[in-house]
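Inside the fold
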Amino acid sequence: MTFAIPHGQRLPLAIAGLAFVFLGLFLVYPLVNVFGASFLDAEGTAFTFANYTKMLGRPFYRAAVVNTLEIGVAATLITTVLAVPFAFALARLPIPGKSAILAMASLPLILPSFVSAYALVLLLGRSGIVTQWLQAHGIGFGSIYGMGGIVAVYTLTLYPYVLLPTIAAFKAVDVSMEEAAQSLGSSPGRTVWTVTLPIVLPAILAGGLLVFIETLENFGVPFVLAEDMPIFAVEAFKLFIGETAPNPSSAGVLGVLLILTTTLVLLIQRRFLAHRRFATNARQAPPLLKVGAGVQALATVYCWAVVTLALVPFFSIVVLSFMEFRGPVLHPHFSLDNFAFLFDRALRPLANTLMFATAAALAVTLIGVPVGYVVTRYRSGVASLLDVLATLPFAVAGTVLAIGFIVSFNAGALVLTGGPLILVLAYTVRKVPFAVRSASAIVHQIDVSLEEASVSLGRSPLQTFLRIVVPLMLGGILSGMVLSWVTVASELSATIVLYSGPWSTLTVVMFQALESGGAGIATAAASFLIVVSLLPIALLYRLVRRYELS
Amino acid sequence: MSGIVIAGASRTFGTVRAVDRVDLTVEQGEFFTLLGPSGCGKTTLLRMIAGFTPLDAGEIRFGERRIDRLPAHVRDIGMVFQNYAVFPTLSVAGNVAYGLKARRVPAAEIGPRVEEALAMVQLAGYGGRQPHELSGGQLQRVAIARALVIRPHVLLFDEPLSNLDARLRVSMRSEIRALQKSLGITAIYVTHDQEEAMSVSDRIALMNHGRLEQVGVPEEIYRKPATRFAAEFMGTTNLVEARALGLAAPVWVSLRPEALRFAEEAPVGWPRLPGAVVALEMLGPITRLDVKLENGSVMKMVLLDAPGQIVREGQVVTLAYDPSRLTVVS
């Protein structure tokens, strides 16, 4: 009987039902299997805690836990210290070229971080170009491998996570609060410290936690730079690939520990930050502060230096890809050999990358937009559960999800391993939280009474969603789709576990080239990825501009 | 077709009884207003009729047809929202045609009906405009045209004028009333402004704490308020214990300021009240006075402006009141 369900609840329940089926099958089920694997013996038959005692008993894996957390904390702290003054300068100081800085500052979020790590190796690694040049002049410097290099790459690629929300928060501060403080006798400097900073603190912390989670889950950067240093996500992958027993118990243990850590961080973030948004009803952005020429020059140099430095690795990869490599050794001649080699050897992965990214971007939009709508518009237990479930992939490292996929879809009713679909599904699940968040943010901007007007005029909730809500969301849906597309195209951590046979991607080509020392093809692939990432963003930007101007 | 019957409608949000066992009958073609302070349940009741808020108990009928379990989109209502809710993605004509298309009205019929509806709200020729080119008042006209073009069983107005400036509010409300009367469509109108309610309504239901405080024609609610709340909400009044006026009954009474005069200008039969002016406010056409009686209670009164009239603070006066305008309130 449909009578039991209030008519206003039918559309959200239908959407939630479909989403639960999808996420249940391709998120919860694989994760349950990872948990299961960690509690079963090598044959996968008997229940045991032995895997945990065995893994945690080994100093090597305990070191992996400590290293990963140390790197995460260090990267988060440095990122925050770097990004908060940057954000303040952009929001409140007269800096020339602000919009250019902002555009450049968001680029590291869409460019693959392991490309940045790889560039660092090519430039400053053991046989790096800069290293050799310096050695030729008798100058030596410390190693970039290990913790220092990893933290440096994280800082340069993840700082926008803190920067962007903090800028927004600084701009949302009601200037009358600062004026109130100053009228009470507080100096401008003290006012920033005692009034402004506490108001933006929740945004800073939220960004910082995002950075921390990203470092925990990242696979590519430590894979390139860690060398012998054990790191969580990398060791889980190595264990899984190396495990010969039917049950991947050791990889399962690392996977579970990784999920628990990220979930804990995420819960802390929700518990302590969700209710600490200080409502400031600023009608307009606060005015720029008047500062001396010295401070202004210093702030300008600082901002430009950070954005530029973060993009140097990407830029140098592009330059290097047009030079001649013989094995890992670079010769400073202009050459298109690397690209010829790439298109010759890796045309199939290249086509796969574009195809997978397109399929996953479509799928993630089809799921993310309705789910984002439901979790924003409806307040019920079902909607909250859906919200939690749709956020969960964020707490699951790609490597771990992929291991769950293999365990779940290797045999039985649904066999996906060995085909292309398993990759597309994994990408889709991984990007769902981002799609839901961005859709939800747009729905927040849409006045509910528009939907009620449509319903009162005779359109059903479903028709109203399609005719009124979707057209209003179109710009946001499109940019969300492009972002999904771009980030899927450079996905590495799940791909490396799931690809098989002819279904490899550009990131796999790079990964293999790194392992075998084929620097030339790796730089060409990286360049191609960079172009493939920037092109749709630039197109979208132009499209949006034109749309806004008309 | 016949009117709207609401029987025992209730709705609780958490621990708040937003609408508490409301019984109400609105006649066919009537302009009926739900009036009350914010949080009194008037908007919740309107949204129950529209189908956006489910009922916990009770029922709503359009004539014989029970509608409270129907989905909102098949209830045949036209709703006008506080913030207009004009679809920004559609042209003015597209907005007005929206409900007709939903009802699968033949395409050939849509154009003329849209034009007719736009003409009714004095927006003839505006069909091709985009919503962002219109002013707030024009947007509200589009919203009204969009609601009435479908010839709904009932028109619902949710504080439609509160986002407009004061002058436009006054002219729009008489326009809305004239339109409703000429079309003969039943209208239910929500507002917190008692003056607006009195100017447009055939009948008013005054609401407080989710309940109906009093239902009646505007004159009745103003002149014969049943409760203290009604007396105070419907305009300035003197709400005093009867003893303050020298009466024996242990009741509260309401006496409007305009029922008081200076003794020298009052008919002989009116009871006298000696006192002194303690405050005075000259507002142009009228002057408001506070007169402190000898027994200590303060009475508000109003004087129409007249040449040569001089009243000063501290002046000793004798008031007189019209006993027929004294209302006992509960």
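Residues numbered from 1 in each chain as written. Chains lettered and ligands numbered in written order. Predicted model: local features only at pLDDT ≥ 70, side-chain atom pairs only at ≥ 80, totals over all residues.

So, on to the overall build of chain B. Helix and strand counts for chain B come out as eight helices and 18 strands. Taking the principal axes of the C-alpha coordinates as reference, chain B spans close to 75 × 45 × 35 Å. Here chain B holds 330 residues, and 38% of them are scored as buried. Partitioning the contacts of chain B with sequence separation of at least 6, the portion at a separation of at least 24 is 63%. (Helix = DSSP H or I, 4+ residues; strand = E, 2+ residues; numbered from the N terminus. Buried ≥ 20, exposed ≤ 12 C-beta atoms within 10 Å, placed from the backbone. Contact = placed C-beta atoms within 7 Å.)

Attention shifts here to the overall build of chain A. The secondary structure content of chain A amounts to 23 helices and two strands. The C-alpha atoms of chain A give 25 Å as radius of gyration, which agrees with the globular expectation for 550 residues (24 Å, within 12%). Here the C-alpha coordinates of chain A stretch approximately 75 × 65 × 50 Å along the principal axes. Across chain A, contacts joining residues at least 24 apart in sequence account for 80% of those joining residues at least 6 apart. (Rg over C-alpha atoms; globule rule 2.2 N^0.38 Å.)

To continue, consider the interface of chain B and chain A. Every contact between the two is made by 20 residues of chain B and, on the other side, 18 residues of chain A. Mapped onto the side of chain B that touches chain A, the elements with two or more residues apiece are strand 6 (77–80) and helix 2 (92–102) of chain B. A class-by-class count of the residues in the side of chain B that touches chain A yields 13 nonpolar, five polar and two charged. (Nonpolar A, V, L, I, M, F, W, Y, C, P; charged D, E, K, R; others polar.)

This paragraph deals with the sheet that holds strand 2 (residues 16–26) of chain B. Residue and element names in this part refer to chain B. Ordered by their spatial adjacency, four strands build an open sheet running 2-1-4-5, and the pairing between neighbours is antiparallel. Each edge of the open sheet carries a strand with a single partner, namely strand 2 and strand 5 (65–66). Note that strand 4 (residues 57–62) and strand 5 share two bridges and pair antiparallel. Bridge pairing links Arg-61 to Arg-66 in strand 5. With respect to the sheet, helix 1 (residues 42–50) is in contact with strand 1 (4–13), strand 2 and strand 4, its orientation differing from that of strand 2 by roughly 60°. (Pairing = 2+ DSSP bridges. Axes fitted to C-alpha atoms, helices over the stretch in contact; angles between N-to-C directions.)

What follows deals with the packing of helix 17 (residues 398–408) of chain A against helix 18 (residues 421–445) of chain A. How two helices sit against one another is set out by the angle between their axes and by the gap between those axes. Residue and element names in this part refer to chain A. Their axes nearest at 11 Å, the elements helix 17 and helix 18 cross at an angle of 135°. Here helix 18 runs oblique to helix 17, going by the angle between their axes. Viewed along their axes, helix 17 and helix 18 form a crossing whose handedness is right-handed. Listed contacts from helix 18 to Gly-398, Leu-401, Ala-402 and Phe-405 of helix 17 are Ile-422, Ala-426, Val-429 and Arg-430. Its residues placed into classes, the contact of helix 17 with helix 18 shows six nonpolar, one polar and one charged. (Parallel < 35°, antiparallel > 145°, perpendicular 65-115°, else oblique. Left-handed = near helix turned anticlockwise from the far one by under 90°.)

What follows covers unusual backbone geometry. Residues and elements named next belong to chain B. You will see that Gln-122, though not glycine, has its phi angle at about 55°, which is positive. Structurally, Gln-122 is set in the loop between helix 3 (107–120) and helix 4 (136–148). What makes Gln-122 exposed here is the crowd of 11 C-beta atoms within 10 Å. If you check the backbone angles, His-209 has positive phi at about 50° while not being a glycine. Counting through the fold element by element, His-209 comes out in the loop between strand 9 (203–208) and strand 10 (211–216).

Another aspect to go through is the sheet that holds strand 16 (residues 298–304) of chain B. Residue and element names in this part refer to chain B. An order of 13-17-14-15-16 is seen for the five strands of this open sheet, with the pairing classed as antiparallel. Either end of the sheet is taken by a strand with one partner, and the two such strands are strand 13 (260–262) and strand 16. On average, adjacent strands in this sheet sit at an angle of 45° to one another, irrespective of strand direction. Relative to strand 15 (residues 286–293), strand 14 (residues 272–282) is paired through seven bridges, and the arrangement is antiparallel. Opposite Ala-279, over in strand 15, you have Asp-290 as the bridge partner.

This part takes up the domain arrangement of chain B. All names here are of chain B. Taken domain by domain, chain B consists of domain 1 (4–232) and domain 2 (237–329). For domain 1 and domain 2, the distance between their C-alpha centroids amounts to 39 Å. In terms of residue class, the side of domain 1 that touches domain 2 is built from three nonpolar, one polar and three charged. (Domains from an automatic or database assignment.)

Below, the discussion takes up the pairing of strand 8 (residues 186–191) of chain B. All names here are of chain B. Burial analysis of strand 8 places six of its six residues in the buried class, the great majority of the element. Burial along strand 8 is two-sided: the residues Thr-186, Ile-188 and Val-190 and Ala-187, Tyr-189 and Thr-191 are all buried. When strand 3 (residues 31–35) meets strand 8, the two strands line up parallel, connected through five bridges. The residue bridging Thr-33 from the neighbouring strand is Tyr-189, located in strand 8. As paired strands, strand 7 (residues 154–158) and strand 8 are joined by five bridges and run parallel to one another. From the neighbouring strand, Phe-157 faces strand 8, where its bridge partner is Tyr-189. The β-α-β motif built from strand 7, the intervening helix 5 (residues 166–183) and the parallel element strand 8 has right-handed crossover chirality. (Right-handed = clockwise from strand over helix to strand, strands pointing away.)

Okay, the environment of Tyr-29 of chain A next. All names here are of chain A. Within the secondary structure, Tyr-29 sits in helix 1 (residues 10–38). Separated by 137 residues in the primary sequence, Tyr-29 and Thr-166 have C-alpha atoms spaced 37 Å apart. Not counting residues up to four positions away in its chain, the partners in contact with Tyr-29 are Gly-24 and Ser-408.

Residues and elements named next belong to chain B. In this model, chain B carries a mean pLDDT of 93, and residues with pLDDT of at least 70 account for 100%. Of all secondary-structure elements in chain B, the lowest mean pLDDT belongs to strand 11 (residues 238–241), at 90, while strand 3 reaches the highest, 97. In the model output, the complex is listed with pTM 0.85 alongside ipTM 0.85. (pLDDT = per-residue confidence, 0-100.)

So, on to the packing of helix 1 of chain A against helix 17 of chain A. Residues and elements named next belong to chain A. Interhelical geometry of helix 1 versus helix 17 gives an angle of 90° and a closest axis separation of 8 Å. Viewed along their axes, helix 1 and helix 17 adopt a mutual orientation that is roughly perpendicular. Within the contact between the two elements, helix 1 uses Tyr-29, Pro-30, Leu-31, Asn-33, Val-34 and Ala-37 and helix 17 uses Val-400, Leu-401, Ile-403, Gly-404, Phe-405, Val-407 and Ser-408. Across the contact of helix 1 with helix 17, the residue classes tally to ten nonpolar, three polar and no charged.

With that settled, consider helix 20 (residues 461–489) of chain A. Taking 1.5 Å of rise per residue, the 29 residues of helix 20 of chain A would be expected to cover 42 Å, yet its terminal C-alpha atoms sit only 35 Å apart, more than 12% below that figure. Maximal helix bending in helix 20 of chain A amounts to about 60°, located at Leu-474 of chain A. (Expected span 1.5 Å × (residues − 1). Bend = angle between axes of the 7 residues up to and from the residue.)

Another aspect to go through is the environment of Val-369 of chain A. Residues and elements named next belong to chain A. Following the sequence through the fold, Val-369 ends up in helix 15 (residues 347–377). Val-369 gets classed as buried once you count the C-beta atoms within 10 Å, which come to 26. In this structure the C-alpha to C-alpha distance between Val-369 and Ser-504, which are 135 residues apart in sequence, comes to 29 Å. Not counting residues within four places of it along the chain, the set of residues in contact with Val-369 comprises Ala-439, Met-473 and Ile-477.

This part covers the pairing of strand 4 of chain B. Residue and element names in this part refer to chain B. Of the strand pairs in this sheet, strand 1 and strand 4 are connected by five bridges, and their pairing is antiparallel. Bridging across to strand 4, Ser-10 finds its partner in Ala-57. The hairpin turn running from strand 4 into strand 5, its antiparallel successor, is two residues long, and Gly-63 in that turn takes a positive phi close to 65°.

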